[in-house]
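Each chain, letter by letter, is given below.
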Amino acid sequence: MSAWVLPDYIADVLPSEARRIEELRRGLLDAARSYGYELVIPPVFEHLDSLLTGAGEALDLQTFKFVDQLSGRSLGLRADMTQQVARIDAHLLNRPGITRLCYCGPVMRTRPDRPHATREPLQFGAEIYGHPGIEAEIESVLLALECLRGADVHELSIDLADVRIVRSLLAGVPVGAQVLGQVHAALAAKDASELARLTRDFPKASREGLSALLQLYGDRDVLDEAEKALHGIPGVGSALQNLRNVAAVVRRARVTFDLADLRGYSYYSGIRFAIYATGVSDALARGGRYDEVGAVFGRNRPAVGFSLDVKQLVGAIPAPPLRAAIRAPWPVDEAASGAVASLRKQGETVVCALPDSPSQIDEFDCDRELVNVGGQWVVQAL
């Protein structure tokens, strides 16, 4: 095998795409900062029992594992950063009140999580700890939408669900973990016959309620239909009202609901959302409430957040124009060097031609040049 061939689903990022990724990263972090989120940078790897404890257990098969040559302990490359941020909130910060944290960095996965995806996503996320109210979900949704719009993604739609609805329908039903997983799978696949088979011995209210969920997807009218179909099930009414409250603040985006959608059910503890764009098959951002994420670190407090892959986002937006630049001859005297330095201090990109060396630039559009006119260095249009 050639030495330059990279592993499957791993790729170098070349100049134009690298610029777009970096500009997006900066814009996303600036958007989070405008909401009061503080930047943290967790380590790329840490002890495996920390990465895969609690909510992180679901990432076991996605985590690269190796042995620490210093301690002999098992280490893992992070496949997700939420668990790490929960640890930071619980132990390193340990603040009594609200904490807003954001991050952006690479994560590594043993397998791509969707067709044609990279195994090295650049994950951006923003999380708010310490508030149990619906306001945290609302803020997370608004920030996620603002991040995508700021990245020039338009025609957005947001899909909402709440895992507490299914949990309410299954409350008190004696069912093993294997059957429970099959029920969740049947709901997600909208497989009515399989769901009927799995729930034939369930109490009538649970059986009929779960069956009703298969049809409860669509626009805002779905919530009214759900209220009628699931009337009398404890906890469902408050969950539906929370979904209404979140939907009410969404502007310039289509809102849909799928009450049988249980993606991430073992991770989320309440509302979950996914944001899509026209022409893009996969969600560009996912988030929701995951109150139990910090429990394993001894601090089980409310948590809401979202994350997205900056590399995926780059593929969903039009390529921006090249950055304007100034072409200059190689400075051979102090006056020329001073002119180049002055332009760069003003924020200009100045590309100096190296003597007798032709150059190719894919990243900048040299639309002007620095020339000497009557002993003065001036910039002229090309």
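What comes next is a walk through the structure. Quick caveat, the model's predicted, so the values are computed rather than measured.

## A few points about empty space enclosed by the protein
Now for step 1: The tally for this structure, following the rule as stated, stands at 1 cavity of 30 Å³ or more.
Now for step 2: In this structure, the largest cavity encloses a volume near 40 Å³.
Now for step 3: Taken together, Leu51, Leu52, Leu59, Thr63, Leu77, Arg78, Ala79, Asp80 and Gln83 form the lining of the largest cavity.
Now for step 4: Across the lining of the largest cavity, the residue classes break down as 5 nonpolar, 2 polar and 2 charged.

## Considering helix α6 (residues 177-189)
Now for step 1: The terminal C-alpha atoms of α6 lie 18 Å apart, and with 13 residues this matches the ideal 18 Å at 1.5 Å per residue to within 8%.
Now for step 2: Those residues of α6 lying buried are Val183, His184, Ala186 and Leu187. End-on view of α6: buried residues confined to an arc of 160 degrees, all on one side of the axis. Counted as exposed and oriented over 90 degrees from the buried face of α6: Ala177, Gln178 and Ala189.
Now for step 3: Where the residues of α6 are buried, they touch α5 (163-170), α7 (192-198) and α8 (204-213).
Now for step 4: At the C-terminal side of α6, Lys190 shows a positive phi close to 55 degrees.

## A look at the packing of aromatic side chains
Two aromatic rings, taken as a pair, are described by how far apart their centres are and by the angle between their planes.
Now for step 1: This structure, assessed with the given rule, holds 3 aromatic pairs.
Now for step 2: An angle of 70 degrees between the planes, with centres 5.6 Å apart, marks the rings of Phe45 and Phe66 as edge-to-face. Here Phe66 lies in strand β3 (residues 65-67) and Phe45 lies in strand β2 (residues 45-47), a separation of 21 residues in the sequence.

## A look at the packing of helix α9 (residues 221-229) against helix α10 (residues 236-249)
Now for step 1: One way to put it is that α9 packs onto α10 with a least axis distance of 10 Å and a crossing angle of 170 degrees. Taken together, the axes of α9 and α10 lie roughly antiparallel to each other. For the pair formed by α9 and α10, the contact residues are Leu223, Asp224, Ala226 and Glu227 on the first element and Leu240, Leu243 and Arg244 on the second.
Now for step 2: Per-class residue counts for the contact of α9 with α10 are 4 nonpolar, no polar and 3 charged.

What counts as what
- Residues numbered from 1 in each chain as written.
- Predicted model: local features only at pLDDT ≥ 70, side-chain atom pairs only at ≥ 80, totals over all residues.
- Heavy atoms only, no water.
- 1 Å grid on protein atoms, 1.4 Å probe; cavity = no way out; pocket = protein on both sides within 12 Å on 5 of 7 lines; lining within 4 Å.
- Points joined across faces, edges and corners; volume = space filled by probe spheres on them.
- Nonpolar A, V, L, I, M, F, W, Y, C, P; charged D, E, K, R; others polar.
- Helix = DSSP H or I, 4+ residues; strand = E, 2+ residues; numbered from the N terminus.
- Expected span 1.5 Å × (residues − 1).
- Buried < 20%, exposed > 50% of the residue type's maximum accessible area, 1.4 Å probe, protein only.
- Arc of directions from axis to C-beta.
- Contact = heavy atoms within 4.5 Å.
- Phe/Tyr/Trp six-rings, centres within 6.5 Å; stacked < 30°, edge-to-face > 60°.
- Axes fitted to C-alpha atoms, helices over the stretch in contact; angles between N-to-C directions.
- Parallel < 35°, antiparallel > 145°, perpendicular 65-115°, else oblique.

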